[in-house]
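This is what each chain is made of:
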Amino acid sequence: MPADQVTPPPLTLEQSARYCQQLTRRRAGNFYFAFLTLPKPDRRDMSILYAFMRHCDDIGDDPDKTIEARRTELEQWRTVTNAALAQGDKLEFHSLLPAFVDLVERKAIPHEFLQAVITGVERDLHEGSVQTFEELEDYCYHVAGVVGRCCVHVWGLNPNSRFEDVYPLADSCGLAFQLTNILRDLQEDSLLGRCYLPQGDLDDHQVTRTHLLEGLNDPLFQSLMKFEVARAREYYAQAQALFDHISPTGKPVLGAMIKIYGGILDEIERRHYDVFTKRVSLSYPRKVSIALGAMLRRSKS
Ligand SMILES: CC(C)=CCC/C(C)=C/CC/C(C)=C/COP(=O)(O)OP(=O)(O)O
């Protein structure tokens with residue numbers, strides 16, 4: 001580093017948390033509304049968690065960089081995250097780090113979950129399709145299940161609940177959300193050369209990559225979608241058991257997240273599986289009304 005180039009000091013906790021909150025407001029088109037149901041300190045914590053996840057994802061998705069450059073950047077991010085979490089080093093590396101390290105410590109989030117997220121994004125850089133549902137499940141664990149596990153640490157559990165029992169439910173919820181996301185983004189992903197649905201499922205329903213690339217919503221594609229939507233619903237159903245375990249603070253936000261993401265699945269069905277003509281999303285008023293409904297229920301309970 002040239003002698004005249006001085007590394008700026010890390011942001012303060014307050015500045016770092018504010019950075020995460022601004023990023024979440026800008027980028028979390030769906031989850032931001034659910035976070036509004038939380039009391040301010042918890043909302044701030046969820047924004048910090050979101051900012052970390054978003055940053056990992058953004059490194060993996062950066063269209064201006066080659067796959068090799070993204071891989072190198074992810075490795076560097078892994079090293080920096082490790083150093084920050086283990087020794088409080090390198091906090092100046094990214095604006096989100098001071099608040100994130102503080103959150104992970106306060107909420108005793110196991111570091112292996114954060115490493116798993118980076119591994120999930122890294123794996124996504126390898127070309128190649130998913131062959132079996134087990135492979136898809138493993139991918140979803142890394143990019144969504146562990147996010148759910150981190151969420152339950154942030155919200156906390158009821159006194160008699162144990163994290164070991166809750167993690168598999170968080171994994172199911174993550175799988176339900178990720179599967180919804182995959183179905184919504186089928187065409188966008190296939191244009192980027194990616195298909196996250198198991199090749200075995202496509203074969204069973206005689207759906208080809210051309211269906212996805214060309215947006216062919218024919219009976220074969222609809223039969224595949226019907227199958228995948230039913231599968232996602234099973235995981236949404238399993239995730240319901242989370243409500244028996246998470247703290248009263250966590251219930252409204254989880255309820256709103258499930259309503260918003262589950263609402264996308266309903267909308268896919270309502271459009272007869274046409275995920276091609278227009279990106280499936282809930283309207284702004286609908287998301288606001290879900291958040292308000294959850295807040296009202298919170299204030300009554
Ligand atoms: C227990 C529990 C809460 C489990 C769920 C964990 C969780 C929140 C997983 C995120 C999965 C997901 C589809 C992220 C997309 O985020 P995005 O911001 O890119 O979403 P968008 O594409 O819809 O805007």
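In the annotation of an unreviewed UniProt entry, the chain is listed under the name All-trans-phytoene synthase and assigned to Polystyrenella longa.

## Notes on the layout of surface pockets
By rolling a water-sized probe across the atoms, one finds the places where empty space is left. Volume-wise, the largest pocket comes out at about 1,300 Å³. R54, D57, Q178, N181 and Y261 are the residues nearest the centre of the largest pocket, which is lined by 48 residues in total. Breaking the lining of the largest pocket down by element, the ones donating at least two residues are helix 2 (31-35), helix 3 (40-61), helix 6 (111-124), helix 7 (133-155), helix 8 (163-184), helix 9 (186-191) and helix 13 (250-270). The greatest single-element share of the lining of the largest pocket, amounting to nine residues, is contributed by helix 3. In terms of residue class, the lining of the largest pocket is made up of 27 nonpolar, eight polar and 13 charged. Among the domains, domain 1 (7-115) and domain 2 (127-301) are the pair contributing at least three residues each to the lining of the largest pocket. Computed from the structure, the second largest pocket encloses a volume of approximately 430 Å³. Together, 20 residues line the second largest pocket, and R123, D124, H126, R194 and Y196 are the ones closest to its centre. At three residues, the largest contribution of residues to the lining of the second largest pocket is made by helix 7. Of the residues in the lining of the second largest pocket, the class split is eight nonpolar, four polar and eight charged. A domain split of the lining of the second largest pocket shows at least three residues from each of domain 1 (7-115) and domain 2 (127-301).

Quick notes on the rules
Residues numbered from 1 in each chain as written. Predicted model: local features only at pLDDT ≥ 70, side-chain atom pairs only at ≥ 80, totals over all residues. Heavy atoms only, no water. 1 Å grid on protein atoms, 1.4 Å probe; cavity = no way out; pocket = protein on both sides within 12 Å on 5 of 7 lines; lining within 4 Å. Points joined across faces, edges and corners; volume = space filled by probe spheres on them. Helix = DSSP H or I, 4+ residues; strand = E, 2+ residues; numbered from the N terminus. Nonpolar A, V, L, I, M, F, W, Y, C, P; charged D, E, K, R; others polar. Domains from an automatic or database assignment.

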